[in-house]
Amino acid sequence: MGNMKTEIRFWFDERLGISSIAGFLRKKMVPQHRHSLWYYTGSAILLFFAIQVVTGFMLAFYYKPTLEGANQSVARIMTEVPLGWIIRSIHSWSASFMIAFVFIHLLSIWIAKSYRRPREFTWMSGVFLLVFTLASGFTGYLLPWDELSLSATKVGTDIPRSVPYVGVWVTKFLRGGEDVTGDTLTRFFSFHVSILPLLIFAFIAVHVYLIQKLGMSLPLSVESKKEKVKELPFWPNFIYREMVVWLLLFGILMTLAIFLPPSLEKTADLMAPAPEGLRPEWYFLFLFQTLKVFPPKVLFINGDTIVVLLILAAVILFFFLPVIDNKPAEKKGKVITFFAYVFIVFAVAMTVWSLL
Amino acid sequence: MKLKHSFFTRRQFLNGLLGGWAGAFLASFLYPALKFCFPPTREPDQVVLPFSDFEDMEPGSVRNFSWGTKPGMLKKRADGSYQAFVAVCTHLDCNVVYLPDKKKFFCACHDGWYDENGVNIGGPPPNPLRQLTVNREGEELIITKKSVE
């Protein structure tokens, strides 16, 4: 029997080359130190992304991306489809969790300066993933097609318009015309269920490949120590630990999804005035509040144009962070760390202000 | 191989030619694809409304109509004449509401305020509400785009 098993394994290995992958996983080590908790944030994002893919497939069985059918089909998922409300609730909560962990992951790397040589491209592919993840959240918010999501989308897609020259075309491209209409809904559906997931898969592949190629980054405080850092085999020790984290997070997710399912307002009316208490999803609140309190005109320039150009400049600076902060990995970077904390304080303060 | 007076070799020239041709070939596919992504705009030049629907309005009140895919608002002034607006906030495109007791237009998205003539008076809106021209012809109200001054 044992002989047969080996033969079968050999037959497959000859064709697929599994043993080299298995060998790599056996040799892969994960450093163990005070800050190694941050290593788990990446796989937490993967967990929530996987949940999004599976529950997203399921929701697409019943969802209809049309002006007449969208809100009704979501209502049907919530009321008639067996356990439909839980699936939508998980999808909605898991989106929030995914984005929360994206922010935590990003801030931990920002503060630990793990983006430095040779990991510049890992960081840049991560910034792309951040943009795609936020775009998924934004496009998904419209799909239930209720009053709140319509107004939020009108505001969100109008923001690029303030950028000189190209902005108008971006707005038109996102909306599929001058205004938010049924064309916007089908377009957002296409972004949400095909374009963005494909991009996310592709960039995750690049991101994970680079992490494997370059190995785990060590924080400065650990690297500067003389003694050798303790290590844990990736397979199976680290994977088992990750599974414990996943199980814990999944438990929290399910609890929230069951007790706090998302609401569904009445169907959007393109002609109705914007509802009061309009708010985007929590991860856009700090931008929403900034737009709200910024003065309409600063020295004859439209206030929104300034905000949008500032955001654009921030994203570009952010993307090129490894190029701007190109010090060797062992140098401290107090200014960069300071900016990370400025960003955290700004985002939290603006979010709290918008909730008052 | 490179001729004496030439700036580049024969290989560079042929590579440039091939590359340029390949780029132009791909661009010729990009154009129709981009074209496909932008459907024709649908803002109407004019909208015709039956006057009977708006005859009974109280002076100072407002009634909605459809200006293409945007909401329009017809307001009856105290003197009985009509005024029409595109009821869309000039800040970030939310639909506005008219509050008759305050005599103001209000946008709930970011707390934008306009007076009864659509002039922006508070909050983030940078410009007044867009006005439309109203003409009565017999039993019809003709709402037209204001010609650009």
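Residues numbered from 1 in each chain as written. Chains lettered and ligands numbered in written order. Predicted model: local features only at pLDDT ≥ 70, side-chain atom pairs only at ≥ 80, totals over all residues. Heavy atoms only, no water.

Draft legend 1. Summary view of the overall build of chain A. For chain A, the helix and strand inventory stands at 15 helices and 4 strands. For chain A, buried positions account for 43% of its 356 residues. Taking as baseline every contact in chain A between residues at least 6 positions apart, the subset at least 24 positions apart corresponds to 78%. With the model as given, the accessible surface of chain A reaches about 20000 Å², and the carbon-plus-sulfur share is 73%. One finds the centroid of the 33 positive side-chain charges in chain A at a distance of 11 Å from the centroid of its 23 negative side-chain charges. (Helix = DSSP H or I, 4+ residues; strand = E, 2+ residues; numbered from the N terminus. Buried < 20%, exposed > 50% of the residue type's maximum accessible area, 1.4 Å probe, protein only. Contact = heavy atoms within 4.5 Å. Areas by Shrake-Rupley, 256 points an atom, 1.4 Å probe, with all protein chains shown as cover. Lys, Arg positive; Asp, Glu negative; His and termini not counted. Charge placed at Lys NZ, Arg CZ, Asp CG, Glu CD.)

Draft legend 2. Examining the interface of chain A and chain B more closely. Listed per partner, the contact involves 31 residues of chain A and 28 residues of chain B. Summed over the shared surface of chain A and chain B, the result is 2 salt bridges. Of the charged contacts, one joins D93 of chain B and R175 of chain A as a salt bridge, the two residues approaching to 2.7 Å between their closest N and O atoms. Where chain A packs against chain B, one counts 9 residue pairs in polar contact (both at pLDDT 80 or more). Of all the secondary-structure elements, those providing two or more residues to the side of chain A that touches chain B are α7 (147-158), α8 (167-175), α9 (182-214) and α12 (285-293) of chain A. In terms of residue class, the side of chain A that touches chain B is made up of 14 nonpolar, 5 polar and 12 charged. (Salt bridge = Lys/Arg side-chain N within 4 Å of Asp/Glu carboxyl O. Polar contact = N/O pair within 3.5 Å; in protein donor to acceptor, adjacent residues only side chain to side chain. Nonpolar A, V, L, I, M, F, W, Y, C, P; charged D, E, K, R; others polar.)

Draft legend 3. Quick look at the packing of helix α5 (residues 84-112) of chain A against helix α6 (residues 120-142) of chain A. Residues and elements named next belong to chain A. Where α5 contacts α6, the axes come no closer than 11 Å and their chain directions differ by 155°. In terms of their interaxial angle, α5 and α6 are classed as roughly antiparallel. Once α5 is placed against α6, the crossing between them reads as left-handed. Within the contact between the two elements, α5 uses M98, I99, V102, F103, L106, I109 and W110 and α6 uses W123, L130, T133 and L134. In terms of residue class, the contact of α5 with α6 is made up of 10 nonpolar, 1 polar and no charged. (Axes fitted to C-alpha atoms, helices over the stretch in contact; angles between N-to-C directions. Parallel < 35°, antiparallel > 145°, perpendicular 65-115°, else oblique. Left-handed = near helix turned anticlockwise from the far one by under 90°.)

Draft legend 4. The pairing of strand β4 (residues 82-86) of chain B, seen in detail. All names here are of chain B. With 5 of 5 residues buried, β4 is to be regarded as a mostly interior element. Burial of β4 is two-sided: the residues Y82, A84 and V86 facing one way and the residues Q83 and F85 facing the other way are all buried. Bridge count between strand β3 (residues 70-76) and β4: 5 bridges; the pairing is antiparallel. Its bridge partner lying in β4, G72 is registered against V86. From the end of β3 to the start of β4, which pair antiparallel, there are 5 residues, and G80 there has a positive phi angle of about 95°. (Pairing = 2+ DSSP bridges.)

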